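Each chain, letter by letter, is given below.
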Amino acid sequence: MAKDKEPKQDAKPKGGEKGGDKGAPQQKPAQQAKPQGKKEAPKPAPVAKEQGPRIPAPPARLAIYYREKVVPDLMQKFGYKTVMQVPRIKKITLNMGVGETTTDKKVLDNAVADMTRIAGQKPVVTKSRKSIANFKVRANFPVGCMVTLRRARMYEFLDRLVSIALPRVRDFKGVPPRGFDGRGNYALGLREQLIFPEINYDKIDKVRGMDIVIVTTARTDEEAKALLTHLGMPFREQT
């Protein structure tokens, strides 16, 4: 009888071991909680970006010069009563015509890349309005690119044009003063884009020119010329 009782006592721990095996799956939620903690680890990344102070871009050098020096001089010269009457630059437009796109479409991509480097802003592709058989141009066919600059980029481009680009023109004697349209706007034509330091001579496919239009709020050409002269535009002396 004692022998019969002993296996029964041994059977209990076996059952307990089985029960222990059944209880092991209950620890799975604790193991599943660990990968959840790993997913939450990358959350502090956006907080690190916001920790650094955001420093605004400094104003353009030419814009500060216009506000501190040009405005008082023009008010004294023309007798303006308020600062709002002083003429100012509204926008600058760059236009580049590419007629070779009828034979080679890659030429337009190169022109867009050159103007992007010059203006610091991606230009818009211009298309033809109507078909012209003599020039092999169809309607809505890409024929060039243009870009409009305002505010800080406008002043930065004008500063680079006046102080760096124009002096690099071969045999430069000044820009012609006849480019005004009678309403205070000035148009200037350039024969090559190589005068800008952003263009590398070894990486261009062809020398291209462009048109630059400076739109001002001046009412007369005399006021517009005085504004551009104070900003450093080197006008040619009339003889």
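From a predicted model like this one, the values you see are computed outputs, not experimental measurements.

### Thoughts on the overall build of the protein
No. 1: A tally of helices and strands in the protein yields 7 helices and 5 strands.
No. 2: Along the chain direction, N to C, the helices and strands of the protein fall in the order α-α-α-α-β-α-β-β-α-β-β-α.
No. 3: Here the protein holds 239 residues, and the buried ones make up 30% of them.
No. 4: Pairs at least 24 residues apart make up 65% of the contacts formed inside the protein by residues separated by at least 6 positions.
No. 5: Accessible surface, the protein as shown: approximately 17,200 Å² in total, 51% of it carbon and sulfur.

### Here's the deal with the confidence of the model for the protein
No. 1: Averaged over all residues, the pLDDT of the protein equals 79, while 75% of them reach at least 70.
No. 2: Within the protein, helix α1 (residues 2-23) has the poorest average pLDDT of any element, 49, and strand β5 (residues 210-216) the best, 93.
No. 3: This stretch, residues 14-20, has a pLDDT under 50; its non-local contacts, to residues over four places away or in other chains, come to 0 contacts.

### Some thoughts on the nonpolar core
No. 1: By size, the foremost hydrophobic cluster in this structure holds 53 residues, and its most contacted members are Leu158 and Phe196.
No. 2: If you list the elements that add at least two residues to this core, you get α4 (61-78), β1 (89-97), α5 (106-119), β3 (142-149), α6 (151-165), β4 (186-190), β5 and α7 (221-230).
No. 3: When neighbours within four sequence positions are excluded, Phe196 is seen to be in contact with Ile118, Phe157, Leu161, Ala165, Arg168, Leu190 and Met210.

### A few points about the sheet that holds β4
No. 1: Taken in spatial order, the 5 strands of this open sheet run β2-β3-β1-β5-β4, and their pairing is antiparallel. Both edges of this open sheet fall to β2 (124-127) and β4, since each of them pairs with a single strand only. Going across the sheet, the axis of each strand differs from the next one's by a mean of 25°, ignoring polarity.
No. 2: Each of β1, β4 and β5 touches α7; the most contacted strand, β5, lies at about 110° to it.

### Topic: the packing of aromatic side chains
No. 1: Evaluated as defined, the whole model comprises 5 aromatic pairs.
No. 2: Measuring from ring centre to ring centre gives 5.5 Å for Tyr186 and Phe235, while their planes differ by 80°; the resulting arrangement is edge-to-face. Placement of Tyr186 in strand β4 and of Phe235 in the segment after α7 is noted, with a sequence separation of 49 residues between them. Note on accessibility: Tyr186 and Phe235 belong to one class, buried.
No. 3: One aromatic cluster in this structure is built from Phe180, Tyr186 and Phe235.
No. 4: Sitting over the face of the ring of Phe235, Lys225 holds its NZ or CZ atom 5.7 Å from the ring centroid.

### Re the pattern of salt bridges
Oppositely charged side chains may form a pair once their charged atoms are brought near each other.
No. 1: Across all of its chains, the model carries 5 salt bridges by this definition.
No. 2: Residue Arg208 pairs with Asp114 through a salt bridge whose shortest N-O separation is 3.4 Å. In this pair, Arg208 is assigned in the loop between β4 and β5 and Asp114 in helix α5, connecting sequence segments 94 residues apart.
No. 3: Of the residues examined, Arg208 reaches a relative accessible area of 5% and is grouped as buried.
No. 4: The exposure class of Asp114 is buried, given its relative accessible area of 4%.
No. 5: Because the salt bridges share partners, they merge into one network encompassing Asp114, Arg117, Asp205 and Arg208.

### Comments concerning α6
No. 1: Taking 1.5 Å of rise per residue, the 15 residues of α6 would be expected to cover 21 Å, and the 20 Å separating its terminal C-alpha atoms lies within 8% of that figure.
No. 2: Among the residues of α6, those classed as buried are Met154, Tyr155, Phe157, Leu158, Asp159, Leu161, Val162 and Ala165.
No. 3: Check the buried side of α6 and you find it contacts α4, β1, α5, β3, β4 and β5.

### Remarks on the pairing of β5
No. 1: With 5 of its 7 residues buried, β5 lies for the most part within the structure.
No. 2: As judged from the 6 bridges shared by β1 and β5, these two strands associate in the antiparallel manner. Residue pairing across strands places Ile89 opposite Thr216, the latter belonging to β5.

### So, a positive patch on the surface
No. 1: Together, Arg88, Lys90, Arg150 and Arg151 make up a region of like positive charge exposed at the surface.
No. 2: By the secondary structure assignment, Arg150 is in the loop between β3 and α6.
No. 3: The class of Arg150 is partly exposed, set by a relative accessible area of 41%.

Calculation notes
- Residues numbered from 1 in each chain as written.
- Predicted model: local features only at pLDDT ≥ 70, side-chain atom pairs only at ≥ 80, totals over all residues.
- Heavy atoms only, no water.
- Helix = DSSP H or I, 4+ residues; strand = E, 2+ residues; numbered from the N terminus.
- Buried < 20%, exposed > 50% of the residue type's maximum accessible area, 1.4 Å probe, protein only.
- Contact = heavy atoms within 4.5 Å.
- Areas by Shrake-Rupley, 256 points an atom, 1.4 Å probe, with all protein chains shown as cover.
- pLDDT = per-residue confidence, 0-100.
- Core = buried A, V, L, I, M, F, W, Y, C linked by side-chain atoms within 4.5 Å.
- Pairing = 2+ DSSP bridges.
- Axes fitted to C-alpha atoms, helices over the stretch in contact; angles between N-to-C directions.
- Phe/Tyr/Trp six-rings, centres within 6.5 Å; stacked < 30°, edge-to-face > 60°.
- Lys NZ or Arg CZ within 6 Å of the ring centre and 35° of its normal.
- Salt bridge = Lys/Arg side-chain N within 4 Å of Asp/Glu carboxyl O.
- Expected span 1.5 Å × (residues − 1).
- Patch = residues over 30% accessible without salt bridge, like charges linked within 9 Å, V, L, I, M, F, W, Y side chains within 5 Å.
- Lys, Arg positive; Asp, Glu negative; His and termini not counted.
- Charge placed at Lys NZ, Arg CZ, Asp CG, Glu CD.

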